[in-house]
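# Examination of the molecular architecture
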Amino acid sequence: KDQIAIVTGGSRGIGKEIAVKLAGSGMKLTIVGSSTQVSETAEEIKKMGYANVLPVQADVSKEEDMQAVVKKTLEAYGSIDLLVNNAGLGFFKLTEEVSLEEWKKVFEVNVQGVFLATKAVLPHMKDQKSGTIINISSDVARYTIPNGAAYTATKYAVQGFSGSVAQEVREYGIRVGTINPGMVDTYFAESTQGLPEKEDWLKVGDIANAVVYMASAPKHMIIDEIVIHPFAQQYPI
Ligand code: NJP
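Thresholds applied
- Residues numbered from 1 in each chain as written.
- Predicted model: local features only at pLDDT ≥ 70, side-chain atom pairs only at ≥ 80, totals over all residues.
- Heavy atoms only, no water.
- Pairing = 2+ DSSP bridges.
- Helix = DSSP H or I, 4+ residues; strand = E, 2+ residues; numbered from the N terminus.
- Right-handed = clockwise from strand over helix to strand, strands pointing away.
- Polar contact = N/O pair within 3.5 Å; in protein donor to acceptor, adjacent residues only side chain to side chain.
- Contact = heavy atoms within 4.5 Å.
- Axes fitted to C-alpha atoms, helices over the stretch in contact; angles between N-to-C directions.
- Left-handed = near helix turned anticlockwise from the far one by under 90°.
- Near = heavy atom within 4 Å.
- Core = buried A, V, L, I, M, F, W, Y, C linked by side-chain atoms within 4.5 Å.
- Buried < 20%, exposed > 50% of the residue type's maximum accessible area, 1.4 Å probe, protein only.
- Salt bridge = Lys/Arg side-chain N within 4 Å of Asp/Glu carboxyl O.
- Expected span 1.5 Å × (residues − 1).

## Topic: the pairing of strand 7 (residues 225–228)
Two strands pair when backbone bridges link them, and strand 6 (residues 174–181) and strand 7 are joined in this way by 4 bridges, in the parallel orientation. Residue pairing for strand 7: I179 is matched across the bridge by I226. The parallel pair strand 6 and strand 7, bridged by helix 6 (residues 204–215), forms a crossover whose chirality is left-handed.

See below:
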C-alpha cells in the first residue's frame, strides 16, 4: 500500500528537505505552507522525478485550513500515514522587548498549529489503527537559552503536547515522537540559507534523515525523541 505523508512548512528550509527525502523513500506527499512558495516548491520536487507532491497553501494556526489540508490529502491519496509538524517560526530578543502580538503569533504557529494539524489527522489515523506523528521541536526544549523565552516556551509546550498525545493514541497503534534540532542552516528567524557563517551548523538533510529514520522504524519500535546538534554547538551537559 502507498505510504502518504503531510509535511507542514514544506515550502523551504528543513520541511522542504524532509519532503524531498520522504518522496525519495517512496512516499506520496502533501506539503503545506502559508505563502504561495509552497506551489513553486512542489514543482521543484516534481522536477526531481517525484510526481506525487500536492501543495496546499494553508495557515497551520487556522482550524479550517488544517481540516482542508487533511480533506484534500484524503481525496488525493485515500490515506494519511505520517504527519510531520515542522512549520514554525522564532525570534530572539530580550523578554521585555517582546510584544504581546509577537508572543501570540509564535504560540499560534508553533503550538496551536501542531495541535490543529494533529487534531485534524487523528480521526483518520485512529480509524486505520496506524500512523506516525513527528513534531519538529527544538533543543531549546532540553537546554534553555537566553533571549528566546517566547520561542523556548513554545517548544516546551510542543514536548508536553507530544508526550501526552503519545499516551492517548498508543492503543490505536499511532506513534508520536519529537526531533529536537540544534542550529540548522535555513531561513529560520529571518535568516538566509547558505550563509558562510553557518557553515558549521546542521544541514537540512541531517534533520530530514532523522525524520525518514523515525518514520520508517518497524512497527514494534517507537523512537520517542532525537536530539541532534552541530558538533560546534556545545551544550551545558
Ligand atoms: O525555518 P524556515 P526552518 N502556516 O523559516 C512555514 C525548527 N527549528 O526550516 O508559511 C504554515 O526556513 C514556512 O512557509 P511559509 C523550527 O522551530 C529550527 O528552520 O510559506 N506554514 C516555511 O516553509 C521549525 O519548527 C532550527 O513562509 C508556515 C517553514 O514553516 C522547524 O525547525 C532550530 C507558517 C519555516 O521554514 C522548521 O524551521 C531548532 C504557518 N503559519 C528548531 N509559518 C534552526 N533552523 O536553527 C511558517 O531548534 N510556515
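## Let's talk about the side chain of D185
When you line up the elements, D185 lands in the loop between strand 6 and helix 6. A polar contact is formed between the side chain of D185 and the backbone nitrogen of G194, at a distance of 2.9 Å. When neighbours within four sequence positions are excluded, D185 is seen to be in contact with T192, Q193, G194, L195, K198, W201, L202, K203 and V204.

## Things to note about the packing of helix 1 (residues 13–24) against helix 2 (residues 37–47)
Closest axis-to-axis distance for the helix 1/helix 2 pair is 11 Å, and the angle between their directions is 35 degrees. Taken as a pair, helix 1 and helix 2 cross one another with a handedness that is right-handed. Facing K16, A19 and V20 of helix 1, the residues of helix 2 in contact are T41, E44 and I45.

## Describing the site of the ligand
The local shell around the ligand holds 28 residues, among which S34, S35, S138, P181 and T186 are the closest. At a separation of 2.8 Å, an oxygen atom of the ligand approaches a polar backbone atom of I14. Interatomic distance of 2.4 Å between a side-chain N/O atom of S34 and an oxygen atom of the ligand. Those elements giving two or more residues to the shell around the ligand turn out to be helix 1 and helix 5 (149–169).

## Here we look at the nonpolar core
Among the nonpolar cores identified, the biggest contains 31 residues, and I18, L22, I31, V84, I136, I179 and V211 are the most heavily contacted of them. Non-local contacts of I179, meaning those with residues more than four positions away in its chain, are made with I134, N135, I136, S137, S138, I207, A210, V211, M214, I226 and I228. By size, the runner-up hydrophobic cluster in this structure holds 24 residues, among which are M66, L83, V109 and V165.

## Some remarks on the pattern of salt bridges
By the definition in use, this model includes 11 salt bridges. Measuring nitrogen to oxygen at the nearest pair gives 3.2 Å for the salt bridge that ties K1 to D81. On the criterion of sequence distance, the pair formed by K1 in the segment before strand 1 (4–8) and D81 in the loop between helix 3 (63–77) and strand 4 (82–85) is long-range, its members being 80 residues apart. The shortest N-O distance in the salt bridge between E44 and K16 comes to 2.7 Å. Placement of E44 in helix 2 and of K16 in helix 1 is noted, with a sequence separation of 28 residues between them. A relative accessible area of 36% means that E44 is categorised as partly exposed.

## Describing helix 1
Its 12 residues place the ends of helix 1 17 Å apart at the C-alpha level, agreeing with the 16 Å of an ideal helix rising 1.5 Å per residue. By the criterion of burial, helix 1 is predominantly enclosed, with 9 of the 12 residues buried. Within helix 1, burial applies to G13, I14, G15, E17, I18, A19, V20, L22 and A23. Its buried side turned inward, helix 1 meets strand 1, strand 2 (28–33), helix 2, strand 4, strand 5 (131–136) and helix 6. Two residues or fewer after helix 1 comes G26, characterised by a positive phi angle close to 100 degrees.

## Let's talk about the side chain of H124
Take H124: it is sitting in helix 4 (residues 100–128). Here H124 falls in the buried class, since its relative accessible area comes to 16%. Within the structure, the side chain of H124 is placed 3.0 Å from the backbone nitrogen of I80, a separation counted as a polar contact. Excluding anything up to four places from it in sequence, H124 contacts L74, G78, S79 and I80.

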